[in-house]
Amino acid sequence: MIDLFSGLDAWVLVSLLLALTFVLAFEFINGFHDTANAVATVIYTKAMPPHLAVFFSGVFNFFGVLLGGVGVAYAIVHLLPVELLINVNTGHGLAMVFSLLAAAITWNLGTWYFGIPASSSHTLIGSILGVGLANALINDIPLGDGVNWQKAIDIAMSLVVSPMAGFAVAALVLLGLKWWRPLSKMHKTPEQRRKLDDKKHPPFWNRLVLVVSAMGVSFVHGSNDGQKGIGLIMLVLIGIVPAKFVLDLNSTTYQIERTRDATLHMSQFYERNAATLGEFLALGKAKASDLPEQFSCNPQQTEPTIAALQTSLQGVTDYHSLAAEKRVEVRRYLLCLDDTAKKVGKLPGLEAREKADLEKLRKDLTATTEYAPFWVIVAVALALGLGTMVGWKRVVLTVGEKIGKQGMTYAQGMSAQITAACAIGMANVFALPVSTTHVLSSGVAGTMVANKSGLQGGTVKTILMAWVLTLPASMGLAAGLFWLASKAIG
């Protein structure tokens, strides 16, 4: 990590440190903003003392980030259009990063202050969409090209469906527990347990399940939300010190060869499917010399882009041997070929087997651009883990007592937490960002309905309002900040 700072101008170094501080501050705030949901049930039911619950939740968040991979990280990054990503190493790239982070932090702190379980995922995604659309307006780009809408739709579906699934599944789990053990002590609230049994803690097995499921939610929260911070830091590093981070400089010779082979196989793939793709890709009509000086991603430039990339990587066994400008160039080629392949995969006429082959080629193609240095992962893990250990009280009370008209029973806590852990874990498998806040709070609401406890209209209305307003509010705030920053840098 030390060589990260070597040879940088003073203003570049200050910009880098400030941007990294912003990202880590966002993750720290995310820790106490979102993770309060992960420990809310285990604290409210007195399955664990608050200080222990928060400490171990922080630890499990830390390991969740370390072991979570980078799939969700780049799902978030690729919300931005490829044109903005390949030109991120500019003043506008820095303005983009600072604007979206400032918007996300502002909204997160505001909702936390009022104890509203709002979603950091919604906030971050709204901020990214806001700067993408503002960038389109400023540069006279069609709004349809201002954001990667297909990726935005995929993420929106996961954010909408996951709370609905959380509500329904948690309710069904609770009904199953009531059918299986209708007279069990797990259907008591902590208050009833204290009055009727003179016991402070849940029954042993209920307590064990509550603790394990809470740590499970913390782990999957770390692996999902932590990756968003990783993606943001990679945007910062690529924007400020592109020469060192546009490609994974630690790539092995085998990985570089795999990337080079992927371009060759992709060329063969397009030739094999020329009858279907020839017109879309203008196959046979363009040469490497036809690439414009102002490089842009155009499917009709696919053949010359492949040729240029193969020339750039010819004989390369270590990315350190490439000049800084050449590394940026290689990344642009790789991102554009991946973007075109993604569009090709959605065209009608391709067989399912061919689409599967194309997906494998895309993974090989981006293996040395979609990465994160270990120190980045550790920094995000520490920020998220430490953030978990402060500021949790405001949201715990909302989740435990203010969603339903009665307090939460042990069975309700178990049902909501098991559902949340499984739902977020599945989202991680498919590299989809979801909201821990909304999955868990909707799970609690589902159990309240299934338990015939009723819902507190005021709290539910506030949560729904936050759910509805977070996206447009963060979009508008980020877009406004980006517009101001763009005007400032000329």
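Everything numeric here is computed off the predicted structure, so don't read it as measured data.

(A) View of the packing of aromatic side chains. Counted according to the given criterion, the structure contains five aromatic pairs. Ring plane angle 75° and centroid distance 5.3 Å describe the contact between Phe55 and Phe56, whose orientation is recorded as edge-to-face. Phe55 sits in the partly exposed class, given a relative accessible area of 39%. The exposure class of Phe56 is partly exposed, given its relative accessible area of 34%. Ring centres of Phe62 and Phe63 lie 5.5 Å apart, and the angle between their planes is 85°; on these two criteria the pair is classed as edge-to-face. Residue Phe63 is classed as partly exposed on the basis of its relative accessible area, which comes to 41%. For the cation-ring pair, Arg181 lies above Trp180, with the distance from its terminal atom to the ring centre recorded as 5.4 Å.

(B) Seen up close, empty space enclosed by the protein. Under the definition given, this model contains four cavities of 30 Å³ or more. Tyr74, Val77, His78, Gly231, Met234, Leu235, Ile238, Arg331, Leu335, Thr369 and Glu370 are the residues that line the largest cavity. Those elements that provide at least two residues to the lining of the largest cavity are α3 (71–77), α9 (204–240) and α14 (324–345). The element that contributes the greatest number of residues to the lining of the largest cavity is α9, accounting for four residues.

(C) Geometry of a nonpolar patch on the surface. A cluster of nonpolar side chains, Phe28, Leu52, Phe55, Phe56, Phe60, Leu382, Leu386, Met389 and Val390, forms an exposed patch at the surface whose accessible area comes to about 710 Å². Among the elements of the structure, α2 (50–67) and α16 (374–388) are those that each provide at least two residues to the nonpolar patch. Relative to the helices and strands, Phe55 resides in helix α2.

(D) The packing of helix α7 (residues 149–180) against helix α18 (residues 410–429), seen in detail. At a closest axis distance of 8 Å, the pairing of α7 and α18 adopts a crossing angle of 135°. The angle between α7 and α18 falls in the class oblique. You can see that α7 and α18 cross each other, and the crossing is right-handed. Facing α7, whose interface residues are Gly166, Val169, Ala170, Val173, Leu174 and Leu177, α18 presents Ala411, Gln412, Met414, Ser415, Ala416 and Thr419. Partitioning the contact of α7 with α18 into residue classes produces eight nonpolar, four polar and no charged.

(E) How the structure looks around the environment of Lys185. Within the secondary structure, Lys185 sits in the loop between α7 and α8 (190–197). Its relative accessible area of 42% is what places Lys185 among the partly exposed residues. Taking C-alpha positions, Lys185 is 8.9 Å from Asn206, a pair spaced 21 residues apart along the chain. Ignoring any residue separated from it by four or fewer positions in sequence, one finds Lys185 in contact with Arg193, Asp197, Pro203, Asn206 and Tyr410.

So, how was this worked out
- Residues numbered from 1 in each chain as written.
- Predicted model: local features only at pLDDT ≥ 70, side-chain atom pairs only at ≥ 80, totals over all residues.
- Heavy atoms only, no water.
- Phe/Tyr/Trp six-rings, centres within 6.5 Å; stacked < 30°, edge-to-face > 60°.
- Buried < 20%, exposed > 50% of the residue type's maximum accessible area, 1.4 Å probe, protein only.
- Lys NZ or Arg CZ within 6 Å of the ring centre and 35° of its normal.
- 1 Å grid on protein atoms, 1.4 Å probe; cavity = no way out; pocket = protein on both sides within 12 Å on 5 of 7 lines; lining within 4 Å.
- Points joined across faces, edges and corners; volume = space filled by probe spheres on them.
- Helix = DSSP H or I, 4+ residues; strand = E, 2+ residues; numbered from the N terminus.
- Patch = residues over 30% accessible without salt bridge, like charges linked within 9 Å, V, L, I, M, F, W, Y side chains within 5 Å.
- Areas by Shrake-Rupley, 256 points an atom, 1.4 Å probe, with all protein chains shown as cover.
- Salt bridge = Lys/Arg side-chain N within 4 Å of Asp/Glu carboxyl O.
- Axes fitted to C-alpha atoms, helices over the stretch in contact; angles between N-to-C directions.
- Parallel < 35°, antiparallel > 145°, perpendicular 65-115°, else oblique.
- Left-handed = near helix turned anticlockwise from the far one by under 90°.
- Contact = heavy atoms within 4.5 Å.
- Nonpolar A, V, L, I, M, F, W, Y, C, P; charged D, E, K, R; others polar.

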